[in-house]
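# Chains, contacts and geometry: an overview
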Amino acid sequence: MARIVGGLTTSHIPAIGNAVPKEQELKNDPYWKEFWAAYPPARAWVQKVKPDVAIVFYNDHGLNFFLDKMPTFAVGAAPIYRHADEGWGIPTIPPFKGDQEFSWHIIEALVQDEFDITTCQEMLVDHGFTVPMSLFWPNASYTDVKTIPVQINTVQHPLPSPARCFKLGQAIGRAVESYPKDLKVVMIGTGGLSHQLDGERAGFINKKFDLMCMEKIVNDPESLTRLSMHDLVREAGAQGAEFILWLAMRGALTGKVKKIHSSYHIAISNTATGVMVMENAA
Ligand code: DHB
Ligand code: FE
């Protein structure tokens, strides 16, 4: 049977996509130094565990979906997922492998479970997906894993609640555990932590709230599902709403989890960046 080995989280800023090919050069750069220091422990865990499949909870920022058609939840069922120009000048990277059979298993299970998702047999993936994959699998070694993108709307209100995203994660966790192939599956939640990119509160960061979320998500994620979307936007900023992607990831970790790594850094591009590794207990 498929087995969930653990969860990874990281912020997903476009500027990081630009920095990824220059990692060696930027390693000691004062702006980037602390940021890069967060990743070796996470990469070491990925190397040790060697997942076969990555299920990535992310939000599209206007590359594949736009304001005219914005699904609340969309699941990829494509053989391959490509990145494309988002207007940030992020270098093009090799495509990501899909796993259509596993995607359809998850889609069937979600619809049975009353999640009326959008199914995508073609899907471009933006920095919300590509930056985390490039950080955890450096030098484009992400081609060693198959991927299933799960897109959650954090862009156009109304957004799904933290509780609903946690339940989506739980449903995906159950779907994975009922898949009869021997696969090691890692769950990834991208985006966050507190940030607001525009409007009166542009530059807003809330360290106290972020650290509370990073603590609670390990052993008491249910307490975070009691936050409303308005609470989240007030406490974490308009784009800090991306924390629902972390909660979806956490919902999918079915057992108790052990924190392997956690780091928090202010700020790359007005964003508090958080990185975590949680191992799923059997
Ligand atoms: C930026 C974009 C993002 O999607 C994000 O989550 C954080 C920062 C940016 O444009 O700087
Ligand atoms: Fe984002």
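One can find the structure itself at the top, above this paragraph.
Within any chain, residue numbers begin from 1 and follow the written order of that chain's sequence. Key to labels: chains lettered from A, ligands numbered from 1, both in the order written. Note on the predicted model: pLDDT of at least 70 is required for a residue's local features to be given, and 80 or more for side-chain atom pairs to be given and counted; whole-chain, interface and lining totals, by contrast, use all residues. Note: side-chain values were computed over all heavy atoms of the structure, leaving out hydrogens and water.

### Re the packing of helix α7 (residues 162-177) against helix α11 (residues 243-252)
- Where α7 meets α11, the closest approach of the two axes is 6 Å, and the angle between their N-to-C directions is 35°. Of the two elements, α7 crosses α11, and the hand of that crossing is right-handed. Contacts from P162, C165, F166, G169, Q170 and G173 in α7 reach I244, L247, A248, R250, G251 and A252 in α11.
- Side-chain classes follow a simple rule in which Ala, Val, Leu, Ile, Met, Phe, Trp, Tyr, Cys and Pro form the nonpolar group, Asp, Glu, Lys and Arg form the charged group, and the remainder, Gly included, forms the polar group. In the contact of α7 with α11, the residues fall into seven nonpolar, four polar and one charged. Simply put, an axis is a line fit to the C-alpha atoms, just over the touching stretch for a helix, and the angle between two N-to-C directions goes from 0 to 180 degrees. Runs of E in the DSSP output that reach at least two residues are strands. Runs of H or I that reach at least four are helices, and both are numbered from the N terminus. Handedness of each helix crossing follows the sense of rotation of the near helix against the far helix: counterclockwise by less than a right angle gives left-handed, clockwise gives right-handed. Any pair of residues with heavy atoms lying within 4.5 Å of one another is described as a contacting pair.

### Some points on the nonpolar core
- Membership of the largest hydrophobic core comes to 55 residues, with the highest contact counts inside it found for I55, F57, F102, I172, V176, M187 and I217.
- At eight residues, α11 tops the list of elements feeding residues into this core.
- Formed by 40 residues, the second largest nonpolar core is a distinct cluster that contains I13, F96, V131 and I188. Only buried residues count toward a nonpolar core. Its members are Ala, Val, Leu, Ile, Met, Phe, Trp, Tyr and Cys residues joined through side-chain atoms within 4.5 Å. The rule is simple: take the accessible area with a 1.4 Å probe, protein chains only, and divide by the maximum for that residue type; under 20% is buried, over 50% is exposed, in between is partly exposed.

### Here we look at the site of ligand 1
- All residues adjacent to ligand 1 are H12, I13, P14, H61, W88, H127, H195, L197, E242, S269 and T271.
- For this analysis, a polar contact is any N or O atom pair within 3.5 Å, provided that within protein one partner can donate a hydrogen and the other can accept it, and provided that sequence-adjacent residues contribute only side-chain to side-chain pairs. At a separation of 2.9 Å, an oxygen atom of ligand 1 approaches a polar side-chain atom of H12.
- E242 is positioned such that a nitrogen or oxygen atom in its side chain is 2.9 Å from an oxygen atom of ligand 1.
- Residues of the shell around ligand 1, tallied by class, amount to four nonpolar, six polar and one charged. One heavy atom within 4 Å of a molecule or strand is enough for the residue carrying it to be called near that molecule or strand.

### Remarks on the packing of helix α8 (residues 207-219) against α11
- Relative orientation of the contacting elements α8 and α11 amounts to 15°, with a least axis distance of 10 Å. Of the possible angle classes, the one that applies to α8 and α11 is roughly parallel. The handedness of the crossing between α8 and α11 is right-handed. Each of C213, M214, I217 and V218 in α8 lies in contact with α11, whose residues at this interface are F243, W246, L247, M249 and R250. Oblique is the label for every angle not falling under 35 degrees (roughly parallel), over 145 degrees (roughly antiparallel), or within 65 to 115 degrees (roughly perpendicular).

### As for the packing of aromatic side chains
- Two aromatic rings, drawn from Phe, Tyr or Trp (for Trp, its six-membered ring), form a pair once their centres lie within 6.5 Å of each other, and the interplanar angle then sorts them: stacked below 30 degrees, edge-to-face above 60, tilted otherwise. Per the counting criterion, the structure on display carries twelve aromatic pairs.
- Consider the rings of Y58 and F129, whose centres lie 5.5 Å apart with planes at 75°: the pair is edge-to-face. Placement of Y58 in strand β2 (residues 53-58) and of F129 in helix α6 (residues 127-136) is noted, with a sequence separation of 71 residues between them.
- Under the relative-accessibility criterion, F129 is labelled buried at 0%.
- Consider the rings of F102 and Y179, whose centres lie 4.1 Å apart with planes at 10°: the pair is stacked. Here F102, found in helix α5 (residues 100-112), pairs with Y179, found in the loop between α7 and β8 (184-190); they are 77 residues apart in sequence, far enough to count as distant.
- On the basis of relative accessible area, F102 is assigned to the buried category, the value being 0%.

### Let's talk about the coordination of the iron ion (ligand 2)
- Only H12 (NE2), H61 (NE2) and E242 (OE) from the protein reach the iron ion (ligand 2) as donors, at distances of 2.0 to 2.2 Å.
- Listed donor atoms are N, O and S within 2.8 Å of the metal (Na, K and Ca: 3.2 Å). As water is not included, a site may look incomplete. Taken in chain order, the donor set of the iron ion (ligand 2) reads H-x48-H-x180-E. Here H12, found in the loop between β1 (3-10) and α1 (14-19), pairs with H61, found in the loop between β2 and β3 (73-76); they are 49 residues apart in sequence, far enough to count as distant.
- By relative accessible area, which is 32% here, H61 ends up partly exposed.

### As for the pattern of salt bridges
- A side-chain nitrogen of Lys or Arg and a carboxyl oxygen of Asp or Glu constitute a salt bridge if their distance falls within 4 Å. Here the structure, examined in full by the defined rule, presents eight salt bridges.
- Residue D231 pairs with R234 through a salt bridge whose shortest N-O separation is 3.2 Å. Of this pair, D231 and R234 both sit in helix α10 (residues 229-236), three residues apart, which is roughly one turn of the helix.
- With relative accessibility at 45%, the residue R234 sits in the partly exposed group.
- Among the charged side chains, a network of salt bridges with common partners joins D231, R234 and E235.

### Comments concerning unusual backbone geometry
- Residues G192 and L193 are joined by a peptide bond in cis, for which omega reads -10°.
- Secondary-structure assignment places L193 in the loop between β8 and α8.
- Non-glycine residue K50 carries a positive phi angle of around 50°.
- Structurally, K50 can be placed in the loop between α4 (39-49) and β2.
- In this structure, N139 takes a positive phi of about 55° despite not being glycine.
- Its place among the elements puts N139 in the loop between α6 and β7 (146-152).
- Taking the relative accessible area as the measure of exposure, N139 reaches 79% and is therefore exposed.

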